[in-house]
Structure formats: C-alpha cells, structure tokens
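Listed below, chain by chain, are the residues.
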Amino acid sequence: MIKKITERIFPALIALSAFSVSASAAFYSISGLSKLFAGAAFAVIVMAASLEVAKLVIASLLYQYRKTLPLLLKGYLSIACAVLILITSMGIYGFLSAAYQETANKEGNSEARIVLIETKRDNVREQLIVYTEEKTSINEAVAELRKGLSNNKVQWRDKETGQIITSTSSRTRKALEKQLDQAIIRQTEINSKVDVLNEKIFEYETEIVETRIGDGSTSELGPLKYLSGLTGLPMDKIINYLLLTIIFVFDPLAIALVIAANFAFEKLRKPTKENLYGETVEIDEDEADKRMDIIGQNGNEGLHYDVESEPAEEFDDDSKTINDTEAKIQELETQLLKMNSNPHNTGKKVAAMTSKIQNQIQKLRDEDNTITY
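Residues numbered from 1 in each chain as written. Predicted model: local features only at pLDDT ≥ 70, side-chain atom pairs only at ≥ 80, totals over all residues. Heavy atoms only, no water.

**Side note on the overall build of the protein**
Assigned secondary structure in the protein consists of 11 helices and 4 strands. Scored against the burial criterion, the 373 residues of the protein give a buried share of 28%. Put simply, of all contacts in the protein between residues at least 6 apart along the chain, 65% involve residues at least 24 apart. On the protein, roughly 25,800 Å² of surface is accessible, and the fraction owed to carbon and sulfur atoms is 59%. (Helix = DSSP H or I, 4+ residues; strand = E, 2+ residues; numbered from the N terminus. Buried < 20%, exposed > 50% of the residue type's maximum accessible area, 1.4 Å probe, protein only. Contact = heavy atoms within 4.5 Å. Areas by Shrake-Rupley, 256 points an atom, 1.4 Å probe, with all protein chains shown as cover.)

What follows is the structure, given as structure tokens:
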C-alpha cells in the first residue's frame, strides 16, 4: 500500500516541479520580451504566453506520440520546440539583464552624486588652505606688533645733566597700535571664514556618508564587486557569464521535467493487450512480469508467451489433452461464427482478427494431430 502511494506521489512531485519551473521561466520570459518590445507590450505578452503553452504541449506531444508521428511533422515540431526554448531564454536574459542594469544605474547615479559632492568639498578645502595660511601669517604679524609695542623705547641724552633718558615714542606707538587693530580685525574675519569652511566640509562629508548608506545598490552589487576584484574582470562580463549559465539551464530543465512527468505517469498505467475480439484489456502485473522475463531471456516480443508460459501438461492422459484441444477449437469456431454473423463486423481490423482466429484453430488442429499420433 505504502509502495503504491509512494509510486503515485513521486510522479506528482515531478509534475509539480515541472509546472513551477515552467511557470517561472514563462513569467520571466514574458516580462523580458515585453520590456524588449515596450511599444506593444500587451500584444507581446499575449503572443509569448501562447507560445509558452504551445511549447509545453509540443514537448508532451513529441514524447507521447514519438512512435506514431510522421517524420516530417516530428522534425518540424522538434525544431519549433528548440526555437521556442531559445526565445524563452532570450526573454529571461532580457528580464534579468534589465534588473541588473536598473541596479547598476542606481549605483552610477549615486557615484556621480558622490563625485559632485567630493568636488565641492575639495574646492572648500583649497579655500581653507588659503585662509589657513593667511591666518598663520596674521597671527605672526599680531605677535610681532605686540612685541614692537612692548619694545617701543627711545633713548636720548639730556643736555643739561648729560644723563641718558629712556622713554616711548608716541608716534611709533600710535602707528603700531593702528596696525595691530587692523591685524586683529582681519584675524577675526579669517577665523570666522575658517570656521564656516570647516563646517561646510563637515556637511559635505556627512552628505557623502548618507548617500553611500542610503544607496541599496552597494549591498546588492556587493558579491559582483567581490568577484570582479577576485577575477580582475569587469562586473558587466561577470553578470553576462552568470546570465548565460542561468538561461542555458532554466528552460531546458523545464522541458526535461515535463518529459519526465509524462514518462512517470506513463509508468503508472497498467500494460494492456488486445483480446480475440479486438478489445484492449489490462494485463495482470504477474502476467506482465512473466512476459518481461521472457522478453529479457529470449530477446523477442514475448509473442509465444500465451503458448509457452503455461506449464505443459503431461501426455500420460492423451484423452484429456485431446478433449481440451477440441474444446478450445470449438470455442474459437464459435467466436469466428459470431464475428462472421454480425453484419457490422467489417473492415481490415475484423479481417485481421478472423485470420488470427483461423490460424489459431489450424495450430490447435496440428497439435491435436501430433498428440493423436
């Protein structure tokens, strides 16, 4: 019981997997084709959807009727299925490449914005360098002026007493004080400008950090950047190789799973054969296994199974064997009479069945003669 349930669940899992992969491939392909032909998106969606369904039907058709389809039709359907796989792969490539390009464009815009901010920051830094040098020179000038004020001394000899008198020069002091005041004013202006420039640089640095953090493409393209640095190849080439690998596996896998699902469900069907009346009847599992053993041992189609598979009766009781043979002959003759008496039994199939029954009757009679002898 469990074995039968397992045998039925596994084909269902194969079919479910085939459906999911086929549906995913169809979705990506239809989306990609609609982006490639954006001018007629709805028409492309309808066309691509019908082609996707037709592709799966063709794959099942080629497997189910592989022995009976005309050669020309089978060749055309095989080529059509291969072309549809290429179209689906092209649509998947378009969809995935568009998604990558969108992320790459976001990163490009963020990088351009960061470059612009860095340019502004560098300009401010250059101004800051100029003002910093000027601030240094002014600080030195202020120090010198203050030093000059402290050393503003004039010595002269008194004519009456002959002593040397030291005093300050009011004129020099006024000149130094005026220069010092101007230098201090300029120093104050430079300090305020330096503070403003430092604040601008800080704002630009903050904006750069926020731009990098707010850009999600950095994390999305992180693995590609790592592979690019590891292999030395540009990211565009790496993503191209990756997309080609995906499309060469995606849709062919869907078709392979569809064929595998057909094969698995076919194995669930019980084997059948035609009876004497031309009707299709099921073969018991034991009988089918015996027939497969005969085919494996003898290399034929198991056609002699009906005669040779049953154990041969001993010929000790010849009368019993002859009576059984006559009974079989009478049964076959009755079936033949019924077939010939029915006016609706016409055509090649009935003629073939009549010939088959007659051959069996003749064979039984030959065997009967052999036993009698």
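**Describing a nonpolar patch on the surface**
A cluster of nonpolar residues, I9, F10, L13, L16 and F19, forms a patch on the protein surface that exposes about 570 Å² of accessible area. In this fold, F19 is placed in helix α1 (residues 2-36). With relative accessibility at 60%, the residue F19 sits in the exposed group. (Patch = residues over 30% accessible without salt bridge, like charges linked within 9 Å, V, L, I, M, F, W, Y side chains within 5 Å. Salt bridge = Lys/Arg side-chain N within 4 Å of Asp/Glu carboxyl O.)

**Quick word on the pattern of salt bridges**
As enumerated under the stated definition, the model contains 8 salt bridges in all. Measuring nitrogen to oxygen at the nearest pair gives 2.9 Å for the salt bridge that ties R121 to E205. Residue R121 is located in helix α3 (residues 71-150), and its partner E205 is located in helix α4 (residues 170-214); the two are separated by 84 residues in the primary sequence. Its relative accessible area of 12% is what places R121 among the buried residues.

**Remarks on the packing of aromatic side chains**
As enumerated under the stated definition, the model contains 5 aromatic pairs in all. Between Y28 and F250 the ring centres are 6.0 Å apart and the planes differ by 65 degrees, which places this aromatic pair in the edge-to-face class. With Y28 in helix α1 and F250 in helix α7 (residues 235-268), the pair connects residues that are 222 residues apart, well separated along the chain. Take Y28: its relative accessible area is 28%, and that puts it in the partly exposed class. With relative accessibility at 17%, the residue F250 sits in the buried group. The aromatic ring of Y63 is capped on one face by R66, whose charged end is 4.4 Å from the ring centroid. (Phe/Tyr/Trp six-rings, centres within 6.5 Å; stacked < 30°, edge-to-face > 60°. Lys NZ or Arg CZ within 6 Å of the ring centre and 35° of its normal.)

**Observations regarding helix α2 (residues 41-64)**
Helix length check: α2 (24 residues) gives 35 Å between terminal C-alpha atoms against 34 Å at 1.5 Å per residue, within 8%. Taken residue by residue, α2 has V44, A48, E52, K55, I58, A59, L62 and Y63 as its buried positions. (Expected span 1.5 Å × (residues − 1).)

**Some thoughts on the side chain of S89**
Mapped onto the elements, S89 comes out in helix α3. For S89, a relative accessible area of 6% gives the class buried. Here the side chain of S89 touches I247 through a polar contact of 3.5 Å, landing on its backbone oxygen. The residues touching S89, leaving out its near neighbours within four places in the chain, are I247 and D251. (Polar contact = N/O pair within 3.5 Å; in protein donor to acceptor, adjacent residues only side chain to side chain.)

**Notes on the confidence of the model for the protein**
Scored by pLDDT, the protein comes out at a mean of 76, with 71% of its residues at no less than 70. Mean pLDDT across the secondary structure elements of the protein bottoms out at helix α9 (residues 305-308), with 40, and peaks at α2, with 91. When the criterion is pLDDT under 50, residues 294-321 qualifies, and its contacts beyond four places in sequence or with other chains add up to 27 contacts. (pLDDT = per-residue confidence, 0-100.)

**Section: the environment of E210**
Considering the arrangement of structural elements, one finds E210 in helix α4. For the pair E210 and I114, spaced 96 residues apart in sequence, the C-alpha separation works out to 10.0 Å.

**Focus on the packing of α2 against α7**
The interhelical angle for the contact between α2 and α7, taken along N-to-C directions, is 45 degrees, at an axis separation of 10 Å. As far as their axial angle goes, α7 and α2 are oblique. Considering how the two elements wind past one another, α2 and α7 form a crossing that is right-handed. Every residue of α7 that contacts α2 at K55, L56, A59, S60, Y63 and Q64 is listed here: D251, I255, V258, I259, N262, F263 and E266. (Axes fitted to C-alpha atoms, helices over the stretch in contact; angles between N-to-C directions. Parallel < 35°, antiparallel > 145°, perpendicular 65-115°, else oblique. Left-handed = near helix turned anticlockwise from the far one by under 90°.)

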